[in-house]
Amino acid sequence: MAALHHRDERGHPPEHWGSSLGFVLAAAGSAVGLGNLWGFAYRASQGGGAAFVVLYLLIVLVVCLPVLVAEMVLGRSTGHAPLLAPITAGGRRWAPLGWLYMAAAIGILSYYAVLMGWTGRTLLHALLDGLPADMAAAEAYFAEISSGGDAVLGHLISLGLTGLVVAAGIRGGIERLSRWGMPLLVLMLLGLVLWAASLPGAHEGYRTFLLRWDAAKLTDAGTIRNAFTQAFFSIGTGIGAILAYAAYLDRRSAIPSEAVAVVGMDTAVGLMAGCVTFPVVASFGLSDVVSGSTVGTLFISLPTGLASLGFNGRLVAAVFFSLAYIAAITSSVSLLEVPTSSLMDRLGWSRDRTVWVMVALIGVLGLPSALDVAVLERMDALFGGVLLISGGLGMALLLGWGVPARFRADLEGSGSRRWLVRGLLWALRWVSPPAIAIGLAVSVADLVR
Ligand code: PHE
């Protein structure tokens, strides 16, 4: 069976990233998404500010980073998509892991595209009609865009755009989008951070977000669950999205530093987004609204706050929701790449055909989430929480305990230092699995409570 980065049986040339930077930007594009802009801020506000941020950073560094390196190694060393990579590396008994990746990616994309639809709709609204005058108007507006025909349309358009990029291929579609999208996004966000710093209540915002320290929150089940879910969802490790990208990687790239770059960008964007939303919320006196934990926080309080600034507020909202849409589409393409490359790999289908079959399937699967926010929230808890974290556990077990020699050989063969490889492998064996198991147990217990 030909791997994705080899010439296939029919002699089609292999696909490849144009450069290591292209891969890093695409992987960072997968990581940076709506999860950073919306999830980070609202989970931090629930989990007691600084305590959440500290737990989050700890989990990212000692649990997620080794798993992300493992995920990249699995993709590159097998040259296979998420469905076949676990079997190629560890044999038939690892087959369920490949199916878990497929199911999780399809499940997440089915509701992620709905969230993208809301984002796009809010952007158009800010540009064309203006912002809602008060909370009541904002809530009515949100109810309108998050259900019925509007939501379905936004979902389908967003999936269609995602399909167009993925159909254009690794280099011509995904890499090209990430190369202009990611720098643009960071620039816009930087501009908004500076603008938010000039708001009258900015300091109060930073205080609730970063400086309010409450040690008791560190052991609170809700905070632990939030920090785990946010870390895994935001980096996007554990469902094969970055694995799918890494299958097109060549032997020269230094995976550990690339993983650090991805994690660094993702965390920086999460913190920067918090430095925009919290000052806005504090300065317009909306803080009690943000802690009401609905998916709609960002779509209700932020536009309402900005409305009082008149034209400038509309401008800020337009910039914010444009960058949110860019962040979202660079993530949704990585989710679609999981089933796409898997079926190309397994069935030998063409890229085009696979993409549109998957878009049709996911379009239908997303309808319940588009029609009912409560369904969307459940989908997120199940696919974006439990399944995603379980996928990360599987990854750590496969590379750490199943085939550690492959992990070592791939990294040392591409020039990584021995002590670094040893340290990563140690974390993958002894730190990640037990930590993830605890996180998973706390999450499930907290969910069913
Ligand atoms: N990390 C993305 C976000 O924060 C979502 C995502 C999850 C992307 C899993 C790929 C895989 O929005």
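A brief look at the structure comes next. Just so you know, these numbers come straight off a predicted model, no measurement behind them.

**Quick look at the pattern of salt bridges**
Logical step 1: Enumeration according to the criterion identifies eight salt bridges in this entry.
Logical step 2: Notably, a salt bridge pairs Arg76 with Asp410, separated by 2.8 Å at the nearest N-O pair. One end of the pair, Arg76, is in helix α3 (residues 50-78); the other, Asp410, is in helix α19 (residues 404-413), with 334 residues separating them in the sequence. Each member of the pair, Arg76 together with Asp410, is buried.

**Structural notes on helix α12 (residues 255-283)**
Logical step 1: Compared with the 42 Å implied by 1.5 Å per residue over 29 residues, the 42 Å span of α12 between its first and last C-alpha is a close match.
Logical step 2: Following α12 by one or two positions, Gly285 adopts a phi angle in the positive range, close to 65°.

**A closer look at the packing of aromatic side chains**
Logical step 1: Under the defined criterion, the tally for this structure stands at 13 aromatic pairs.
Logical step 2: Plain terms: the ring middles of Tyr112 and Phe233 are 6.4 Å apart, the flat faces sit at 45° to each other, and that makes the pair tilted. Of the two residues, Tyr112 is situated in helix α5 (residues 95-128) and Phe233 in helix α10 (residues 221-235); the sequence distance between them amounts to 121 residues. Each member of the pair Tyr112 and Phe233 is classed as buried.

**Remarks on the packing of α3 against α12**
Logical step 1: Put simply, α3 and α12 touch, their axes get as near as 9 Å, and they point 140° apart. The orientation of α3 with respect to α12, classified from their angle, is oblique. Read as a crossing pair, α3 and α12 show a hand that is right-handed. On α12, the residues that touch Val53, Tyr56, Leu57, Val60, Leu65, Leu68, Val69, Met72, Val73 and Arg76 of α3 are Ile255, Pro256, Glu258, Ala259, Val260, Val262, Val263, Asp266, Thr267 and Leu271.
Logical step 2: A per-class count over the contact of α3 with α12 returns 16 nonpolar, one polar and three charged.

**Describing the site of the ligand**
Logical step 1: By nearness alone, 15 residues border the ligand, and Ala31, Gly35, Tyr112, Phe233 and Ser234 come closest of all.
Logical step 2: Ala31 is positioned such that a nitrogen or oxygen atom in its backbone is 2.8 Å from a nitrogen atom of the ligand.
Logical step 3: Between Gly35 and the ligand, the recorded distance is 2.9 Å, taken from a backbone N or O atom to an oxygen atom.
Logical step 4: A total of 320 Å² of accessible area belongs to the ligand in isolation, and the protein chains cover 100% of it.
Logical step 5: Partitioned by chemical class, the residues of the shell around the ligand number seven nonpolar, eight polar and no charged.

The rules behind these values
- Residues numbered from 1 in each chain as written.
- Predicted model: local features only at pLDDT ≥ 70, side-chain atom pairs only at ≥ 80, totals over all residues.
- Heavy atoms only, no water.
- Salt bridge = Lys/Arg side-chain N within 4 Å of Asp/Glu carboxyl O.
- Helix = DSSP H or I, 4+ residues; strand = E, 2+ residues; numbered from the N terminus.
- Buried < 20%, exposed > 50% of the residue type's maximum accessible area, 1.4 Å probe, protein only.
- Expected span 1.5 Å × (residues − 1).
- Phe/Tyr/Trp six-rings, centres within 6.5 Å; stacked < 30°, edge-to-face > 60°.
- Axes fitted to C-alpha atoms, helices over the stretch in contact; angles between N-to-C directions.
- Parallel < 35°, antiparallel > 145°, perpendicular 65-115°, else oblique.
- Left-handed = near helix turned anticlockwise from the far one by under 90°.
- Contact = heavy atoms within 4.5 Å.
- Nonpolar A, V, L, I, M, F, W, Y, C, P; charged D, E, K, R; others polar.
- Near = heavy atom within 4 Å.
- Polar contact = N/O pair within 3.5 Å; in protein donor to acceptor, adjacent residues only side chain to side chain.
- Areas by Shrake-Rupley, 256 points an atom, 1.4 Å probe, with all protein chains shown as cover.

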